[in-house]
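Notes for the structure review
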Amino acid sequence: MGRYKLIALDMDGTLLNSEHEVSEENRAWMFKALDAGITVMLSTGRGVQNVYPYTDKLNLNTPIVAVNGGEVYRAPGDLLVRHTLDVESIRAMHAMAVRYDTWFWAYAVEGVFNKETWTDDLNSLQWLKFGYFTDHDENRARILSWLQEQDRYEITNSHPHNLEINPKGISKASGIAEICRLLGIGMSEVVAMGDSLNDMTMIREAGLGVAMGNAQDALKAAADLVTVTNNEHAVAKIIRDYVLAD
């Protein structure tokens, strides 16, 4: 086997094309890698409730890093570790969303809640991630500044106009590191592919960090290489040219 033992794939903007589908080329090369004994897994900001339709359709029974590392699964339905946000943090972040009139959402173990479906019963839920979305740059900057002042959160994004918040130290890289320990491999044996700032940690720490052609500029600058866009079967290209080439 070659030098890479695990391929960690972001979903939106990476594995999925603009129609939120996995191309036949990407799927075929994912399974060529699996057939070669390489673990191919999803590493996403999505909650598992929004990941399972894809793992079911792909028939992919490999580890999952969900909600930016907030949950790590050995396989679909088999939880390895979970990192939650305390209720007071959720309450405070919600108050900031209301103050600045932004769209917001939050993943809990029990489901997804947003501006239109918010709950006042915060204490009965296990909270995993909070997110803001606004194209009002000044308001987003104010929220970001407030979050940074708390010095207790991991702050990333999955789009230039959003903010995603996990407990400090919890990231896609921390989740992939858990899977590496499980598999008995090192981060140097990982290929990671992504397009947004929530992919930054895994791009930096992987043996081969790949930024998509459609990635944010900061991620491109940090990556080992920049590939084609998510509409050009980038996952297939990287597996073919860098993982299975040797």
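Residues numbered from 1 in each chain as written. Predicted model: local features only at pLDDT ≥ 70, side-chain atom pairs only at ≥ 80, totals over all residues. Heavy atoms only, no water.

On to the overall build of the chain. Each helix and strand in the chain was counted, giving 8 helices and 13 strands. For 246 residues, the compact-globule estimate of 2.2 N^0.38 gives 18 Å, and the chain sits close to it at 18 Å. Across its three principal directions, the C-alpha atoms of the chain cover 55 × 35 × 30 Å. Out of the 246 residues belonging to the chain, those deemed buried represent 54%. (Helix = DSSP H or I, 4+ residues; strand = E, 2+ residues; numbered from the N terminus. Rg over C-alpha atoms; globule rule 2.2 N^0.38 Å. Buried < 20%, exposed > 50% of the residue type's maximum accessible area, 1.4 Å probe, protein only.)

For the rest of this paragraph, the subject is the layout of surface pockets. Size it by volume and the largest pocket reaches roughly 390 Å³. Lining of the largest pocket is provided by 20 residues; of these, Asp12, Arg46, Ser158, Asn162 and Glu164 occupy positions nearest its centre. Of all the elements in the fold, those that place two or more residues in the lining of the largest pocket are strand S6 (103-108), strand S7 (111-114) and strand S10 (162-167). (1 Å grid on protein atoms, 1.4 Å probe; cavity = no way out; pocket = protein on both sides within 12 Å on 5 of 7 lines; lining within 4 Å. Points joined across faces, edges and corners; volume = space filled by probe spheres on them.)

Now for unusual backbone geometry. Of note, the phi angle at aspartate 101 is positive, near 55°, even though the residue is not glycine. Relative to the assigned elements, aspartate 101 resides in the loop between helix H3 (87-99) and S6. In this structure aspartate 101 comes out as exposed when scored by relative accessible area, which is 57%.

Before going further, it helps to spend a moment on empty space enclosed by the protein. All chains considered together, the criterion is met by 1 cavity of 30 Å³ or more. Taken as a whole, the largest cavity encloses approximately 30 Å³ of empty space. The wall of the largest cavity is formed by Asn68, Glu154, Thr156, Asn166, Ile170, Ser171, Lys172 and Asn198.

Moving on to the side chain of arginine 46. Looking at the element boundaries, arginine 46 is found in the loop between strand S2 (39-43) and helix H2 (52-58). Residue classification places arginine 46 among the buried residues on the basis of a relative accessible area of 16%.

The next thing to look at is the pairing of strand S11 (residues 190-194). Among the 5 residues of S11, 5 are classified as buried, and the element is accordingly described as predominantly covered. Residue alternation in S11 divides its side chains into two sets, Val190, Ala192 and Gly194 and Val191 and Met193, and both sets are buried. Here strand S1 (residues 6-9) runs beside S11; their pairing, made up of 4 bridges, is parallel. Note that in S11 the partner of leucine 9 across the bridge is methionine 193. Note: S11 against strand S12 (residues 208-211), 4 bridges, orientation parallel. Its bridge partner lying in S12, methionine 193 is registered against valine 210. Read from S11 through helix H6 (residues 200-205) to S12, the crossover connection turns out right-handed. (Pairing = 2+ DSSP bridges. Right-handed = clockwise from strand over helix to strand, strands pointing away.)

For the pair helix H1 (residues 24-35) and helix H8 (residues 234-243), the least separation of the axes is 7 Å and the interaxial angle reads 35°. Pair H1 / H8 crosses with left-handed handedness. Along its contact with H1, which presents Glu25, Asn26, Trp29, Met30 and Ala33, the element H8 presents Ala234, Val235, Ala236, Ile239 and Arg240. Here the residues of the contact of H1 with H8 sort into 7 nonpolar, 1 polar and 2 charged. (Axes fitted to C-alpha atoms, helices over the stretch in contact; angles between N-to-C directions. Left-handed = near helix turned anticlockwise from the far one by under 90°. Contact = heavy atoms within 4.5 Å. Nonpolar A, V, L, I, M, F, W, Y, C, P; charged D, E, K, R; others polar.)

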